[in-house]
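Fold and geometry: a report
Chain by chain, the residues run as shown.
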Amino acid sequence: MSDKPQTTRRVVRGILTRPDAQIVFVDTPGIHRPIHPLGKFMVRSAVDVLDGIDVVVFVADGSKMPTREDEDVAEMLNTRVQAPVLLALNKMDLLKRDAIGEITQAFFDLVKHADWMRLTATKRENADKLLELIVARLPEGPALYPEDEITDMPMQFLAGELVREQLLINTRQEIPHSIAVQVDEWEERSENLTYISATIWVEKDSQKAIVIGERRQHVEKSWRRRAQRNRSVARASSVFRVDGQGASAVAAR
């Protein structure tokens, strides 16, 4: 959920149902060279889930030459994955015209027998075309989820991840990715009001002040920004109580 790499910590499924198909998108932790136990767990989780996938979409930054991590992912796809692979070269709006051929060929050389598509995800350019490529490669079968379901994750988990995303954005390089948000209480007090109490976990006591921010600005800003952008989580102003460990918020769902 964040633009920072290696911030997805567990497998998350998003469900898109349309008249001709149901697509279950599986967002995995990024595959990288881990340097700590959490990183090793994340990579193992990402690789293990590939065994049951029908189509793999390898999203790479297509505005620059492949990185070492791109090479690692490509090697894993070439040696382990039997499912068809789609190479999605993102950020085409940043790609310099004179570098198109060199960069594209470099990715072609990495991923064998992969179909590909250039796109700009932030502007949804070619996103629909990529979706059609995915649907065309899915096997026929019954829908796995009800048509109104959009994820298999509980709302409590999504609320915690939305706050964590904004904390990572607000603190940038000051806080490591291991920061976690634990939803302690979730009480639907009325049809339009849900009480949420959450604890933010950090590795060191010295990081608490960074997370909370001056006059609690980081915690409050993190919830409010995400609430404004995700009306399914919050549709009204929030009331905060912040202490040295966590933040509580009252918000309309």
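Right, let's talk about the packing of aromatic side chains for a bit. Aromatic ring pairs are reported here in terms of the distance separating the ring centres and the angle at which the planes meet. All told, the structure shown has one aromatic pair when counted by the stated rule. Summarising the aromatic geometry, the rings of Phe 108 and Trp 116 are spaced 5.1 Å apart at their centres and angled 65 degrees between planes, so their arrangement reads as edge-to-face. Given the relative accessible area of 35%, Trp 116 is considered partly exposed.

Under the defined criterion, the tally for this structure stands at nine salt bridges. Linking Asp 20 and Arg 18 is a salt bridge whose minimum nitrogen-to-oxygen distance equals 2.7 Å. Using a relative accessible area of 55% as the deciding quantity, one classes Asp 20 as exposed. If you follow the salt bridges from partner to partner, you end up with Arg 18, Asp 20 and Glu 132 in one network.

All right, on to helix α2 (residues 68–80) then. Three or four residues apart is the spacing at which side chains of an α-helix point the same way, because the helix has 3.6 residues per turn. End to end, α2 covers 18 Å across 13 residues, agreeing with the expected 18 Å (1.5 Å per residue, within 8%). When we look at burial in α2, the residues that qualify are Asp 70, Asp 72, Val 73, Ala 74, Met 76 and Leu 77. Where the residues of α2 are buried, they touch β3 (56–61), β4 (85–90) and α3 (100–110).

A few words on the environment of Tyr 195. Along the polypeptide, Tyr 195 turns up in strand β7 (residues 193–201). Since its relative accessible area comes to 11%, Tyr 195 is described here as buried. Taking the C-alpha atoms as reference points, Tyr 195 and Glu 185, separated by ten residues in sequence, lie 7.4 Å from one another.

Here we take up the confidence of the model for the protein chain. Within the protein chain, residue pLDDT values average 76, and 68% of them lie at 70 or more. Predicted confidence is poor over residues 1–7, with pLDDT under 50, and the contacts of this stretch with residues over four places away or in other chains come to 24 contacts. Across residues 231–253 the pLDDT falls below 50, and counting only partners more than four positions away or on other chains, this stretch makes 72 contacts in the model.

Turning our attention to the side chain of Thr 104. You can see Thr 104 is positioned in helix α3. Take Thr 104: its relative accessible area is 7%, and that puts it in the buried class. A polar contact is formed between the side chain of Thr 104 and the side chain of Arg 118, at a distance of 2.6 Å.

So, about unusual backbone geometry. Most peptide bonds adopt trans geometry, and most residues besides glycine take a negative phi value. Of note, Arg 124 is a non-glycine position whose phi angle comes to about 60 degrees, a positive value. By secondary structure assignment, the location of Arg 124 is in the loop between β5 (115–118) and α4 (127–136). Even without glycine at this site, Asn 126 takes up a positive phi of about 70 degrees. One can find Asn 126 in the loop between β5 and α4.

Turning to the sheet that holds β3, a few remarks are in order. Spatially, the three strands line up as an open sheet ordered β3-β4-β5, and their pairing is parallel. Each of the sheet's edge strands pairs with one partner strand only, and the pair in question is β3 and β5. Taken pair by pair, the neighbouring strands of this sheet meet at an average axis angle of 20 degrees, ignoring direction. As paired strands, β4 and β5 are joined by four bridges and run parallel to one another.

Parameters at a glance
- Residues numbered from 1 in each chain as written.
- Predicted model: local features only at pLDDT ≥ 70, side-chain atom pairs only at ≥ 80, totals over all residues.
- Heavy atoms only, no water.
- Phe/Tyr/Trp six-rings, centres within 6.5 Å; stacked < 30°, edge-to-face > 60°.
- Buried < 20%, exposed > 50% of the residue type's maximum accessible area, 1.4 Å probe, protein only.
- Salt bridge = Lys/Arg side-chain N within 4 Å of Asp/Glu carboxyl O.
- Helix = DSSP H or I, 4+ residues; strand = E, 2+ residues; numbered from the N terminus.
- Expected span 1.5 Å × (residues − 1).
- Contact = heavy atoms within 4.5 Å.
- pLDDT = per-residue confidence, 0-100.
- Polar contact = N/O pair within 3.5 Å; in protein donor to acceptor, adjacent residues only side chain to side chain.
- Pairing = 2+ DSSP bridges.
- Axes fitted to C-alpha atoms, helices over the stretch in contact; angles between N-to-C directions.

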